[in-house]
Amino acid sequence: MKKSLVLTTIALSTLLSGTLAQAKDEFGTITGPLMGQKPPGMTAEPFAPGIISKAGWELEGVFAPGMQEFYFTLDRGVYEGPNKTGFRPTVIGFRQQNNTWVKFTEFLRIGEVSFSPDGQRMHMAEGYRDRLGNDWTERQSLGPMFDREDFGIMRLSASSKGTYVFDDYKNKVVRISEVKNGQRQAPKVMSKVVNSGAMTAHPFISPDESYLIWDSEREDGFGDSDLYISFKQQDGSWGKAINMGAAVNSDKWDAYATVTPDGKYLLFNRGVSDDNNNVDIYWVDASIIDTLRARQ
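Parameters and conventions
Residues numbered from 1 in each chain as written. Predicted model: local features only at pLDDT ≥ 70, side-chain atom pairs only at ≥ 80, totals over all residues. Heavy atoms only, no water. Core = buried A, V, L, I, M, F, W, Y, C linked by side-chain atoms within 4.5 Å. Buried < 20%, exposed > 50% of the residue type's maximum accessible area, 1.4 Å probe, protein only. Contact = heavy atoms within 4.5 Å. Phe/Tyr/Trp six-rings, centres within 6.5 Å; stacked < 30°, edge-to-face > 60°. Helix = DSSP H or I, 4+ residues; strand = E, 2+ residues; numbered from the N terminus. Polar contact = N/O pair within 3.5 Å; in protein donor to acceptor, adjacent residues only side chain to side chain. Pairing = 2+ DSSP bridges. pLDDT = per-residue confidence, 0-100.

Let us look at the nonpolar core. Grouped together as the largest cluster of nonpolar side chains are 20 residues, with contacts concentrated most on I213, I229, M244, L266 and I289. Those residues within four positions of L266 in sequence are excluded, and the remaining contacts are I213, M244, V248, A257, T258, V259, Y282, W283, V284 and A286. L34, M35, F94 and W101 belong to the second-largest nonpolar core, a separate cluster that totals 19 residues.

Okay, structure coming up:
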């Protein structure tokens, strides 16, 4: 083996060891399913308090299909001292290995992370990354139908049929794009069922397209942004918007819902402080969706 290759191998090994040690110092040792957490009940509670949900800005928690990877976003910005960098949203990725959750990736957030139901694509707003072995490709564009100057996509969610539902902060609407006869359809603004109220954003469409969850500020809300759900009707239309209730929503900012790929849990953001400088990840038993379905 050449000397340069030996040195490179040693350097990479040292870097990896340092990264793992840093992750252990930052997050501790995490073992067991669900990032080591006891499953929640029917009332929302913080996810991984003191480990993931801390005193700062942690949000957008998502499990990848298979439930062996977990991703969330925190702020890596430095606000004091000579190295001040300001707001720097950063995605942290964990992978379960031998019953222990190991941080294996960290990258700047360019679009909020969601996954295709088959787990082969990581959507990031108007871009995506595809699985490549045990890693991901570089971020690529979804193309001119979505990657447009007049769109402001934060989150794009995909169903098993390939339907995309995404928000647009520039135009303050949620849009939908279906696949018909193998052809991607141009995005359309969704009906007033979804696009009512203020700050309507962060849609999540279920893999089977039976329901859609999003957040919005509405008159029937609990104070700030609340989570709403709509169930698809037999004629293909979307049913009335249902506030997900006090077991999920609060008088704070409740937003960015995602249902785990196994269908068991609903994760979402909650602002703990009024200024949303402290945001945590909350979760609740997803059977609340069936309870709400019975009330439509």
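Looking now at the packing of aromatic side chains. Considering all chains together, one arrives at 19 aromatic pairs under this definition. Aromatic side chains Y71 and F104 sit 6.1 Å apart centroid to centroid with 75° between the ring planes, which places their arrangement in the edge-to-face category. Placement of the pair is Y71 in strand β4 (residues 69-75) and F104 in strand β6 (residues 100-108), with a sequence separation of 33 residues. Residue Y71 is classed as buried on the basis of its relative accessible area, which comes to 0%. The class for F104 is partly exposed, based on a relative accessible area of 25%. Seen in terms of ring centroids, F268 and Y282 are 6.1 Å apart; in terms of plane orientation they differ by 35°. Their pairing is tilted. With F268 in strand β23 (residues 265-271) and Y282 in strand β24 (residues 279-285), this pair connects stretches of sequence that are 14 residues apart. Note on F268: relative accessible area 1%, which makes it buried. Three or more aromatic residues link up through ring pairs in this structure, and these residues are F27, F47, F63, F70, F72, F94, W101, Y265 and W283.

Looking now at the environment of S216. Structurally, S216 can be placed in strand β19 (residues 211-217). A relative accessible area of 0% means that S216 is categorised as buried. Linking S216 and K180, residues 36 residues apart in sequence, is a C-alpha distance of 29 Å. With residues near it in sequence (within four places) discarded, S216 still touches S196, G197, A198, M199, T200, D224, S225, D226 and Y228. Among the polar contacts listed, one links the side chain of S216 to the backbone oxygen of S196, at a separation of 3.0 Å. One polar contact links S216 to T200, side chain to side chain, over a distance of 3.0 Å.

Moving on: the sheet that holds strand β14 (residues 173-177). Here 4 strands make up an open sheet; going across it, the order is β12-β13-β14-β17 and the pairing antiparallel. Either end of the sheet is taken by a strand with one partner, and the two such strands are β12 (156-158) and β17 (188-189). Relative to β14, strand β13 (residues 164-168) runs antiparallel, the two being bridged by 5 bridges. Looking across to β14, one finds that D167 is bridged to V174.

Along any regular strand the residues' side chains alternate between the sheet's two faces. Note that strand β1 (residues 30-31) and β6 share 2 bridges and pair antiparallel. Bridge pairing in β6 places I30 opposite W101. Pairing of strand β5 (residues 89-97) with β6 involves 8 bridges; the strand directions are antiparallel. In the strand pairing of β6, Q96 is matched with W101. Counting the residues that bridge the hairpin from β5 to β6 gives 2 residues, and of these N98 lies at a positive phi of roughly 55°.

Right, let's talk about the environment of G152 for a bit. Tracing the chain through its elements places G152 in the loop between β11 (140-141) and β12. What makes G152 buried here is its relative accessible area of 3%. Along the sequence, G152 and A125 sit 27 residues apart, while their C-alpha atoms lie 8.6 Å from each other. In this structure, G152 is in contact with D167, D168, Y169 and K170, ignoring residues within four places of it in sequence.

For N181, which is not a glycine, the phi torsion comes out positive at approximately 50°. Considering the arrangement of structural elements, one finds N181 in the loop between β15 (179-180) and β16 (183-184). You can call N181 exposed: its relative accessible area is 82%. Of note in this structure, H202 is not a glycine but carries a positive phi near 55°.

Now for the pairing of strand β3 (residues 58-63). By the criterion of burial, β3 is predominantly enclosed, with 6 of the 6 residues buried. Alignment of β3 against β4, held across 4 bridges, turns out to be antiparallel. For E58, the partnering residue across the bridge sits in β4 and is L74. Here β3 folds back onto β4, and the loop between the two strands holds 5 residues, one of which, G66, carries a positive phi near 105°.

Chain-level pLDDT for the protein chain is 91 on average; 92% of the residues reach the 70-or-more range. Low confidence marks residues 1-21, where pLDDT is under 50. Its contacts with residues over four positions away, or in another chain, come to 3 contacts.

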